[in-house]
Amino acid sequence: MAQRIITICGDAVTEMKKFPDASFRLIAADPPYNLSKNYGNNQDNLKFTDYLEFSRSWLKEAKRVLTDDGSIYVFMGMRYISYVYIILEQEFGLYFNSWITWHYTQGTGKTRGYSPRHDDILFFTKHPQNFVFNLDAIRVPQKYYRARNNMQGANPGNVWEFSHVHYCNRDRKQHPTQKPEALFERIILASSDEGDKVLDPFVGSGTSLRVCQQTNRNATGIDINPEYIAMTNERLAEKFSGFDSFDDRVNRNTMQLNLFSCEME
Ligand SMILES: C[S@@+](CC[C@H](N)C(=O)[O-])C[C@H]1O[C@@H](n2cnc3c(N)ncnc32)[C@H](O)[C@@H]1O
């Protein structure tokens, strides 16, 4: 079947209400964190309780449109993540899988306290055991050649180190919180199969949809700002020359064993 990549301009909750139950295998959501970012036509500075109510309303729809074997990843900043965790687990009965820390290595400096260097991503599933997890698709190079290591590569673990897409990067768009494609690549390869339907309710500059396009997934992206929907459509039409955080160590021969060091063990 032909691949379908759909962009929708509108409010995430209103648009999700139009989808049938159980229509997406994976939801990868990077909502506004309520940190007063300037997203053009929308405000990112709700009152504390209003932000939690907003989170509850889109997560309720997200759970409904997720397949019974589906997975949801929610990006979140420190201020609200524990509350969002409680909504996902205690209010909506989803199953916790992983708390992923994205360590972005550089960022703004603080002089009274520690400079922030991570965002976090909550990974929950709708069923406790029945969900997709393609570990072989996301293995990373082992640190050492050793006979007892799986030289196909290691599990990437739950701390992911990728730099931001810097303003000088040729792939940087005019969006204040563009995420590296590598984050979505790992999520999408691990938690969906080719041909699956993936939803991003807050698509921004189109990072998730670009990854879905290049990894043979069907995808729907929603954003309330028409300029970001236009940006996403333009990005999807650009010539592809590799993901923006490509690590060329993945091309090395992972089956090579350094026999000398193995004999020494
Ligand atoms: C954190 S950004 C997403 C960034 C995206 N992951 C990327 O890599 O470019 C959040 C996005 O949510 C959008 N947004 C805010 N409120 C929304 C709502 N109620 N419905 C849909 N989109 C919304 C903003 O316009 C913004 O582009």
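As a reminder, the structure under discussion sits directly above these lines.
Residues numbered from 1 in each chain as written. Predicted model: local features only at pLDDT ≥ 70, side-chain atom pairs only at ≥ 80, totals over all residues. Heavy atoms only, no water.

Enquirer: Break down the overall build of the protein chain for me, with residues and values.
Expert: On a plain count of helices and strands, the protein chain comes out with seven helices and eight strands. Taking 2.2 N^0.38 as the reference for a compact globule, 265 residues should give roughly 18 Å; the C-alpha atoms of the protein chain span a radius of gyration of 19 Å, in line with that estimate. With respect to the principal axes defined by its C-alpha atoms, the protein chain has extents near 60 × 50 × 40 Å. Within the protein chain, the fraction of its 265 residues that count as buried is 48%. (Helix = DSSP H or I, 4+ residues; strand = E, 2+ residues; numbered from the N terminus. Rg over C-alpha atoms; globule rule 2.2 N^0.38 Å. Buried < 20%, exposed > 50% of the residue type's maximum accessible area, 1.4 Å probe, protein only.)

Enquirer: So what's going on with the state of the cysteines? Which residues, and what values?
Expert: One pass over the full model with this rule turns up zero disulfides. Cys212 supplies the cysteine sulfur nearest to Cys9, a cysteine that is in no disulfide, at a spacing of 19 Å. (Disulfide = S-S within 2.5 Å.)

Enquirer: I'd like a description of the site of the ligand, backed by residues and values.
Expert: Not every one of the 23 residues close to the ligand is listed here, only the nearest: Asp11, Asp30, Ser205, Thr207 and Asp223. Within the side chain of Asp11, a nitrogen or oxygen atom sits 2.8 Å from a nitrogen atom of the ligand. Between Asp223 and the ligand, the recorded distance is 2.8 Å, taken from a side-chain N or O atom to an oxygen atom. If the ligand stood free it would expose 610 Å²; the protein chains cover 97% of that surface. Looking at the shell around the ligand residue by residue, the class counts come to 11 nonpolar, eight polar and four charged. (Near = heavy atom within 4 Å. Polar contact = N/O pair within 3.5 Å; in protein donor to acceptor, adjacent residues only side chain to side chain. Areas by Shrake-Rupley, 256 points an atom, 1.4 Å probe, with all protein chains shown as cover. Nonpolar A, V, L, I, M, F, W, Y, C, P; charged D, E, K, R; others polar.)

Enquirer: Break down the pairing of strand E3 (residues 66-76) for me, with residues and values.
Expert: Where burial is concerned, most of E3 is hidden: 10 out of the 11 residues are buried. With five bridges connecting them, strand E2 (residues 24-29) and E3 associate as parallel partners. Within the sheet, the bridge partner assigned to Ala28 lies in E3 and is Tyr73. Crossover E2 to E3 through helix H2 (residues 48-65) is right-handed. Pairing analysis gives six bridges linking E3 to strand E5 (residues 118-125), with the strands arranged antiparallel. Looking at E5, one finds that Phe75 is bridged to Ile121. (Pairing = 2+ DSSP bridges. Right-handed = clockwise from strand over helix to strand, strands pointing away.)

Enquirer: Can you explain H2? Please cite residues and give values.
Expert: Helix length check: H2, at 18 residues, gives a terminal C-alpha distance of 26 Å against a target of 26 Å (1.5 Å per residue), a fit within 8%. The complete set of buried residues in H2 reads Tyr51, Leu52, Ser55, Trp58, Leu59, Glu61, Ala62 and Val65. (Expected span 1.5 Å × (residues − 1).)

Enquirer: Can you tell me about the nonpolar core, naming the residues and giving the values?
Expert: Formed by 57 residues in total, the largest nonpolar core has its most connected members in Ile27, Trp58, Leu59 and Ile72. The contacts of Ile72, once residues within four sequence positions are left out, are Ile27, Trp58, Leu59, Ala62, Leu66, Leu94, Leu122, Phe123 and Phe124. (Core = buried A, V, L, I, M, F, W, Y, C linked by side-chain atoms within 4.5 Å. Contact = heavy atoms within 4.5 Å.)

Enquirer: Just give me the short version of the side chain of Ser192, but keep the residues and values in it.
Expert: Mapped onto the elements, Ser192 comes out in the loop between helix H4 (181-191) and strand E7 (197-200). Taking relative accessible area as the criterion, Ser192 reaches 0% and is therefore assigned buried. A polar side-chain atom of Ser192 sits 2.7 Å from the main-chain carbonyl oxygen of Ile188. When near neighbours in sequence (up to four residues on either side) are disregarded, Ser192 contacts Leu26, Val132, Asn134, Val198 and Arg217.

Enquirer: Help me get a handle on the packing of aromatic side chains, residues and values and all.
Expert: Inspection of the entire model under this criterion finds 17 aromatic pairs. Summarising the aromatic geometry, the rings of Tyr85 and Phe124 are spaced 5.3 Å apart at their centres and angled 75° between planes, so their arrangement reads as edge-to-face. One end of the pair, Tyr85, is in helix H3 (residues 78-91); the other, Phe124, is in strand E5, and 39 residues separate them in sequence. Judged by its relative accessible area of 0%, Phe124 is buried. Among the aromatic residues, those joined into a ring-pair cluster are Phe48, Tyr51, Phe54, Trp58, Tyr80, Tyr83 and Phe202. Note that Arg79 overlies the ring of Tyr80, its terminal NZ or CZ placed 5.6 Å from the centroid. Seen from the ring of Tyr167, Arg172 lies directly overhead, with NZ or CZ sitting 4.1 Å from the centre. (Phe/Tyr/Trp six-rings, centres within 6.5 Å; stacked < 30°, edge-to-face > 60°. Lys NZ or Arg CZ within 6 Å of the ring centre and 35° of its normal.)

Enquirer: Describe in detail the pattern of salt bridges, supporting the description with residues and values.
Expert: Any two side chains of opposite charge can pair, on the condition that their charged atoms come close. This structure, assessed with the given rule, holds 13 salt bridges. Between Lys18 and Glu15 there is a salt bridge, with the nearest N and O atoms lying 3.1 Å from each other. With relative accessibility at 58%, the residue Lys18 sits in the exposed group. Of the charged contacts in the structure, one is a salt bridge between Glu53 and Arg56, with a shortest N-O distance of 2.9 Å. Pair noted here: Glu53 and Arg56 are both in helix H2, with a separation of three residues, about one helical turn. If you follow the salt bridges from partner to partner, you end up with Arg25, Asp69, Asp193 and Asp196 in one network. (Salt bridge = Lys/Arg side-chain N within 4 Å of Asp/Glu carboxyl O.)

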